[in-house]
2 protein chains.
Amino acid sequence: MEYPSKVLAKAVEEISGLPGIGKKSALRLALHLLRQPESQAMVLGESLQKLVTDIKYCRDCHNFSDAEICEICSNPKRNDEVLCIVEDVRDVMAIENTGKYRGRYLVLGGKISPMEGIGPNQLNIPAIERKLETGSVKELIFALSATMEGDTTTYYIYKKFKHLKVNFSTIARGISVGDELEYADEISLGRSIQNRVPYDEKD
Amino acid sequence: MEYPSKVLAKAVEEISGLPGIGKKSALRLALHLLRQPESQAMVLGESLQKLVTDIKYCRDCHNFSDAEICEICSNPKRNDEVLCIVEDVRDVMAIENTGKYRGRYLVLGGKISPMEGIGPNQLNIPAIERKLETGSVKELIFALSATMEGDTTTYYIYKKFKHLKVNFSTIARGISVGDELEYADEISLGRSIQNRVPYDEKD
């Protein structure tokens, strides 16, 4: 595709560098911006640049943050005794959105994956160690993907810290709310029977 | 959805202002940029800003251009005698990609659409007049959408200039290459029979 303008060609090329956006969609987005008030593209461009220059990683939990310590870590009302290990910032957001967790987090930044060349050294495991050294953590919750890589990472961290006086737990795996048993995969169904919980009429 | 950082929230908000991109996709794109080298977001941001500040509209044909006159209008090898009227810059690119047209273009910037409040005054019709006044144009090709709005626009322009010594034509409407007659809509099929062309063994 030939573009009538180098500026347009450059914008299309850069936009189509984003995942899931091809050249045609990129052109559509660029033409959309050209039809809007100039300020929209200016603000969008600036906020993308600010995103990478201004965002910080929380020193304690490696969540994204505007300050050196993120809002969750600096909130005195959160429970220091439980620490939830997640792979990714998105997982923090997902768990926060449930409104069911008031403890702290630790973002690993990935999971052990020999296929992608990610070993334990690339993950924020020393940060877990620092958290555990404070002595306030009583329970470590693993909230990693229900995949082989997630399970490997959970096991690696468990083995590394199992000598410490701390309880380990993982988030429950089972049948999703709204699922019909007939269509559930047998592993999830098997786990949900094994890990059945006392019936609670208030649930 | 709560975001751990205001910079991230702002970026997500701005990205999701683009058509076809929701909050979830916007977050995915923002997190992608954060995983890439900082330069990618910087270059992307800059090229979006440059897009709206640096792009010009060709004085002659209203195509996008880096200079005051676009590459097509300033190319002396193009045929001044045919002028192709299109709605949009994308249509110029589409026709250029066919490699079958060597004349000039004129970008209307839309089509007459009472529903969207677009009347003839919002379109670049005076630019057609200027082109026709030079006396070099012998044929005006209408290459507008095959919709009611496109047809209305074609008719409006035709009526406005039909007193001038210039031939009017529209791009052929018919069966797309690769289509089976059985599944073609009857209007296209009807037109393609009415407007049949002499058989050419080289086609």
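Residues numbered from 1 in each chain as written. Chains lettered and ligands numbered in written order. Predicted model: local features only at pLDDT ≥ 70, side-chain atom pairs only at ≥ 80, totals over all residues. Heavy atoms only, no water.

Let us now look at helix α1 (residues 6-15) of chain B. Among the residues of α1 of chain B, Val7, Leu8, Ala11, Val12, Glu14 and Ile15 of chain B are the ones counted as buried. In an axial view of α1 of chain B, the angular spread of the buried residues amounts to 165°, which keeps them on one side of the axis. Turning to α1 of chain B, the residues buried within the fold contact α3 (38-54), β2 (64-65) and α4 (89-98) of chain A together with α2 (23-35) of chain B. The distance from a side-chain oxygen at the start of α1 of chain B to the backbone nitrogen of Val7 of chain B is 3.2 Å, and the residue carrying that oxygen is Ser5 of chain B. (Buried < 20%, exposed > 50% of the residue type's maximum accessible area, 1.4 Å probe, protein only. Helix = DSSP H or I, 4+ residues; strand = E, 2+ residues; numbered from the N terminus. Arc of directions from axis to C-beta. Contact = heavy atoms within 4.5 Å. Polar contact = N/O pair within 3.5 Å; in protein donor to acceptor, adjacent residues only side chain to side chain.)

With that out of the way, let us pick up the packing of α3 of chain A against α1 of chain B. With their axes 9 Å apart at the nearest point, α3 of chain A and α1 of chain B run at an angle of 145° to one another. Here α3 of chain A runs over α1 of chain B; the crossing is left-handed. Each of Gln40, Val43, Leu44, Ser47, Leu48, Lys50, Leu51 and Asp54 of chain A in α3 of chain A lies in contact with α1 of chain B, whose residues at this interface are Val7, Leu8, Lys10, Ala11, Glu14 and Ile15 of chain B. Class assignment for the residues of the contact of α3 of chain A with α1 of chain B results in eight nonpolar, two polar and four charged. (Axes fitted to C-alpha atoms, helices over the stretch in contact; angles between N-to-C directions. Left-handed = near helix turned anticlockwise from the far one by under 90°. Nonpolar A, V, L, I, M, F, W, Y, C, P; charged D, E, K, R; others polar.)

This part takes up the nonpolar core. By size, the foremost hydrophobic cluster in this structure holds 76 residues, and its most contacted members are Leu8 of chain A together with Leu8 of chain B. With sequence-adjacent residues up to four places away left out, Leu8 of chain A is seen in contact with Tyr3, Leu27, Ala30 and Leu34 of chain A together with Leu51, Ile55, Phe64 and Met93 of chain B. (Core = buried A, V, L, I, M, F, W, Y, C linked by side-chain atoms within 4.5 Å.)

With that settled, the discussion passes to the relation of the copies chain A and chain B. Taken as rigid bodies, chain A and chain B are interconverted by a rotation of 180° and an axial shift of 0.0 Å, the fit giving an RMSD of 0.1 Å. Taken together, the turn and the small shift mark the pair as related by a two-fold rotation axis. Within chain A, Gly45 of chain A has its C-alpha nearest the rotation axis, a separation of 1.8 Å. (Least-squares fit on C-alpha atoms with pLDDT ≥ 70 in both.)

Moving on to the UniProt feature "zinc finger region: C4-type" (unreviewed entry) in chain A. Under the local residue numbering, the UniProt record ascribes the feature "zinc finger region: C4-type" (unreviewed entry) to residues 58-73 of chain A. Segment residues 58-73 of chain A splits into 0% helix and 12% strand. End C-alpha atoms: 8 Å apart. (UniProt positions renumbered as here; feature names shortened; annotations may be inferred.)

Below, the discussion takes up the interface of chain A and chain B. Taken together, the contact pairs 52 residues of chain A with 52 residues of chain B. Both sides together, the interface formed by chain A and chain B hides about 5000 Å², and carbon and sulfur atoms give 71% of it. Linking chain A with chain B are zero salt bridges. Between chain A and chain B we count eight residue pairs in polar contact (both at pLDDT 80 or more) in total. Only α1 (6-15), α2 (23-35), α3, β2 and α4 of chain A provide two or more residues apiece to the side of chain A that touches chain B. Its residues assigned to classes, the side of chain A that touches chain B shows 28 nonpolar, eleven polar and 13 charged. (Buried area = accessible area lost by both parts, 1.4 Å probe. Salt bridge = Lys/Arg side-chain N within 4 Å of Asp/Glu carboxyl O.)

Its place among the elements puts His32 of chain A in helix α2. With a relative accessible area of 13%, His32 of chain A lands in the buried category.

Residue and element names in this part refer to chain A. Under the criterion given, the structure shown has 18 salt bridges over all chains. Of the charged contacts in the structure, one is a salt bridge between Glu14 and Lys10, with a shortest N-O distance of 3.3 Å. With a gap of four residues between them, Glu14 and Lys10 both fall in helix α1, about one helical turn apart. Since its relative accessible area comes to 13%, Glu14 is described here as buried.

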